[in-house]
Amino acid sequence: MIRDPETLEALLDSVRRFVRERLVPAENEVSETDEIPEAIVQEMRNLGLFGMTIPEKFGGLELTMEEECRVLLELCQTAPAFRSIIGTTVGIGSQGILMDGTPEQQAEWLPKLATGEVIASFALTEPEAGSDAASLRTTAIRDGDHYIVNGTKRYITNAPHAGMFTLMARTNPQDKGAGGVSSFIVDAKTPGISFGKYDKKMGQRGAHTCDVIFDNVKVPAGNLIGLQEGRGFKTAMKVLEKGRIHIAAVAVGVAKRILRDALQYALERKQFGQPISDFQLVQAMLADSQAELYAAECMTLDAARRRDDGHNVSTEASCAKMFATEMCGRVADRAVQILGGAGYMAEYGIERFYRDVRLFRLYEGTTQIQQIIIARNMVREARNA
């Protein structure tokens, strides 16, 4: 759903210019230093990118799902690390508070998240709980007016920069399933929180993850999201469902950039006296990539519109996330092939994208988790028909 086409187009123009003039020229610097320049982060704040999904009354842009996707299609035509610095605030870090938080919780935290004054992070994954999120072991035990939190979270994006965590922890140790999990807002400066070393990853330099250790951390009872225990897993699943459409749009945006670079190379590179873009086998790789990219973009925008219209999009979100992220991996692989030896060299950037996009098929639920969700929904609907 697009509310005001003229306003949205103005935002998209600003994002396109920002990507072209600021982000693309900084890609090599970020790759070499593993840091996003603070000046660029501040420009993201000034553009309102940290508050894309936060209501206007809290200082955000309050974009619909379709509008958010269209912004991401432009913003992500550069190194994925730039999107990552805002991604946990725009998505899984803030949306739990927006969806299930109390008015007081929303009023306290959402304005600071919308401006980027505070960066949010989503603390769900653990050493023994990844795809099986319901089996998490981090505990939050009520003690008077506080909960005492103990446990370790793993691969937490933006944890080193976070001002707050949306934390999933088990408030009922007797309930080993999803019903024992609750969600909390945790100030990152709370005593007892410590961090592991930055993870050394295959790609996405500039996007930082690390372990977050909670050692007898006292969290005020008023920071229990929604002030109800046992709702944390449901909150997490709602947040992740929206996040899957978000990641699908990210994958489409990056694939657009990769394919554009591959096509430009094919037009310029000559073999046997002619551009390699004239060779039918190269054309086949370009065509396959364009067709899959078009399909993924259509799926993503359709899922976004359905969500904006109030439909249950569990299946559509998983379909879009699965197809778009797998598509992006195939496009990156073909791009390396089109560039040949140059595709394997760092100076051309394609090998960096090839490594960066591999993560898309893992986070917000692996491809295999999406397959399970889709199939289970199909079976459930068939049995209830």
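Model, not experiment: these values are computed from the prediction.

Regarding the overall build of the protein chain
- Per the secondary structure count, the protein chain includes 11 helices and nine strands.
- Since a compact globule built from 385 residues should have a radius of gyration of about 21 Å, the 21 Å found for the protein chain is in line with a globular shape.
- Structurally, the protein chain occupies a C-alpha span of about 80 × 55 × 45 Å along its principal axes.
- When burial is assessed residue by residue, the protein chain has 54% of its 385 residues classed as buried.
- In the protein chain, 74% of the contacts between residues at least 6 apart in sequence involve partners at least 24 apart.

Looking at the environment of A287
- Here A287 shows up in helix α8 (residues 280–308).
- Distance from A287 to A134, taken between C-alpha atoms, is 42 Å for residues 153 residues apart in sequence.

Considerations on the pairing of strand β2 (residues 139–143)
- Pairing analysis gives five bridges linking β2 to strand β3 (residues 146–157), with the strands arranged antiparallel. Bridged to I141 within β3 is I148.
- Hairpin connection, β2 to β3: the antiparallel pair is bridged by two residues, and G144 has positive phi, about 70 degrees.

A short note on the pattern of salt bridges
- Summed over all chains, the structure comprises 24 salt bridges.
- Residue E126 is joined to K153 by a salt bridge in which the shortest nitrogen-to-oxygen separation is 2.8 Å. Of the two residues, E126 is situated in the loop between β1 (120–123) and β2 and K153 in strand β3; the sequence distance between them amounts to 27 residues. Each of the two residues, E126 as well as K153, counts as buried.
- Between E326 and R361 there is a salt bridge; the shortest N-O distance is 3.4 Å. A residue pair is termed long-range when its members are at least 10 positions apart, and E326 in helix α9 (residues 314–339) and R361 in the loop between α10 (350–356) and α11 (367–384) qualify at 35 residues.
- Classification of R361 as partly exposed rests on a relative accessible area of 23%.
- Several salt bridges converge on common partners, so that one network encompasses E9, D13, R16 and E74.

A few points about the packing of helix α4 (residues 80–93) against helix α7 (residues 232–268)
- α7 packs onto α4 with a crossing angle of 160 degrees between their chain directions and a minimal axis gap of 11 Å. If you check the angle between α4 and α7, you find them roughly antiparallel. Here α4 runs over α7; the crossing is right-handed. Where α4 abuts α7, its residues P80, R83, V90 and I92 lie against V239, L240, H246, I247, V250 and V254.
- A class-by-class count of the residues in the contact of α4 with α7 yields eight nonpolar, one polar and one charged.

Here we look at the packing of aromatic side chains
- What the rule picks out here adds up to six aromatic pairs.
- The rings of F165, F195 and F214 are connected pair by pair, giving a single aromatic cluster.
- When the ring centre of F323 is taken as reference, the NZ or CZ atom of R330 above it lies at 6.0 Å.

Considerations on the nonpolar core
- With 73 residues, the main nonpolar core has M44, F82, I86, V254, I258 and I338 as its most contacted residues.
- Of all the secondary structure elements, the ones that give two or more residues to this core are α1 (5–33), α2 (38–47), α3 (65–75), α4, α7, α8, α9 and α10.
- Ranked by the residues each element gives to this core, the list is headed by α7, at 14 residues.
- Among all residues touching V254, those that are not within four sequence positions of it are C76, T78, P80, C328, F353, V357 and F360.
- The next biggest cluster of nonpolar side chains, apart from the first, holds 21 residues, and it includes I156, F165, V186 and A188.

Observations regarding a nonpolar patch on the surface
- On the surface, a nonpolar cluster with roughly 390 Å² of combined accessible area is contributed by Y344, M345 and Y348.
- Checked against the element boundaries, M345 lands in the loop between α9 and α10.

Describing the pairing of strand β7 (residues 209–220)
- Sheet analysis places β3 next to β7, joined by nine bridges and oriented antiparallel. If you follow G151 over to β7, its bridge partner there is F214.
- Inspection of the sheet shows strand β6 (residues 193–195) paired to β7 by three bridges, in the antiparallel sense. The partner of I193 across the bridge, within β7, is F214.

Notes on the environment of E43
- Topologically, E43 is positioned in helix α2.
- Look at E43 and you get partly exposed, because its relative accessible area is 25%.
- Separated by 21 residues in the primary sequence, E43 and R22 place their C-alpha atoms 9.4 Å from one another.
- Residue contacts for E43: discarding those within four places in its chain leaves F18 and R22.
- At 2.7 Å, the side chain of E43 forms a polar contact with the side chain of R22.

Focus on unusual backbone geometry
- Although it is not a glycine, Y155 sits at a positive phi angle of roughly 55 degrees.
- Along the polypeptide, Y155 turns up in strand β3.
- Look at Y155 and you get exposed, because its relative accessible area is 57%.
- Backbone geometry at L227 places phi at a positive 60 degrees, although glycine is not the residue there.
- Turning to its location among the elements, L227 is positioned in the loop between β7 and α7.

Criteria and cut-off values
All residue numbers here refer to positions counted from 1 along the written sequence of the relevant chain. Given that the model is predicted, a residue must reach a pLDDT of at least 70 before its local features are reported, and side-chain atom pairs must reach 80 or more before they are shown or counted; all residues, however, enter totals for whole chains, interfaces and linings. Hydrogens and water molecules were not included; the side-chain quantities draw on all heavy atoms of the structure. In this text, helices come from DSSP runs of H or I with a minimum length of four residues, and strands from runs of E with a minimum of two, each type numbered from the N-terminal end. Each radius of gyration is computed over the set of C-alpha atoms, and the globule rule expresses the reference value as 2.2 Å times the number of residues to the power 0.38. Three exposure classes are used, based on accessible area relative to the maximum for each residue type with a 1.4 Å probe and protein chains only: buried under 20%, partly exposed in between, and exposed over 50%. We call two residues in contact whenever any of their non-hydrogen atoms come within 4.5 Å of each other. Whether two strands pair comes down to DSSP finding at least two bridges between them. Salt bridge, as used here, is a side-chain nitrogen of Lys or Arg placed within 4 Å of a carboxyl oxygen of Asp or Glu. Angular values range over 0 to 180 degrees, each being the angle between N-to-C directions of two axes fitted as lines to C-alpha atoms, with helices fitted over their stretch in contact. Geometric relationships in this document are graded by angle, where less than 35 degrees denotes roughly parallel, more than 145 denotes roughly antiparallel, 65 to 115 denotes roughly perpendicular, and other angles denote oblique. Here is the rule for handedness: rotate from the far helix to the near one, and if that takes an anticlockwise turn smaller than a right angle the crossing is left-handed, while a clockwise turn gives right-handed. Residues are grouped as follows: Ala, Val, Leu, Ile, Met, Phe, Trp, Tyr, Cys and Pro are nonpolar; Asp, Glu, Lys and Arg are charged; every other residue, Gly included, is polar. Note on aromatic contacts: the rings of Phe and Tyr and the six-membered ring of Trp form a pair at centre separations within 6.5 Å, being stacked when their planes are under 30 degrees apart, edge-to-face when over 60 apart, and tilted otherwise. Geometrically, a lysine NZ or arginine CZ counts as sitting over a ring once it is within 6 Å of the ring centre and also within 35 degrees of the ring normal. In this text, buried Ala, Val, Leu, Ile, Met, Phe, Trp, Tyr and Cys residues form a nonpolar core when linked through side-chain atoms within 4.5 Å. Candidate patch residues must exceed 30% relative accessible area and have no salt bridge, after which like charges are joined if within 9 Å and Val, Leu, Ile, Met, Phe, Trp or Tyr side chains if within 5 Å. Method for areas: the Shrake-Rupley scheme with a 1.4 Å probe, in which residue coverage is limited to the protein chains shown. We define a polar contact as two N or O atoms separated by no more than 3.5 Å, with the added condition that, inside protein, one atom must be a possible hydrogen donor and the other a possible acceptor, whereas residues neighbouring each other in sequence contribute only through side-chain atom pairs.

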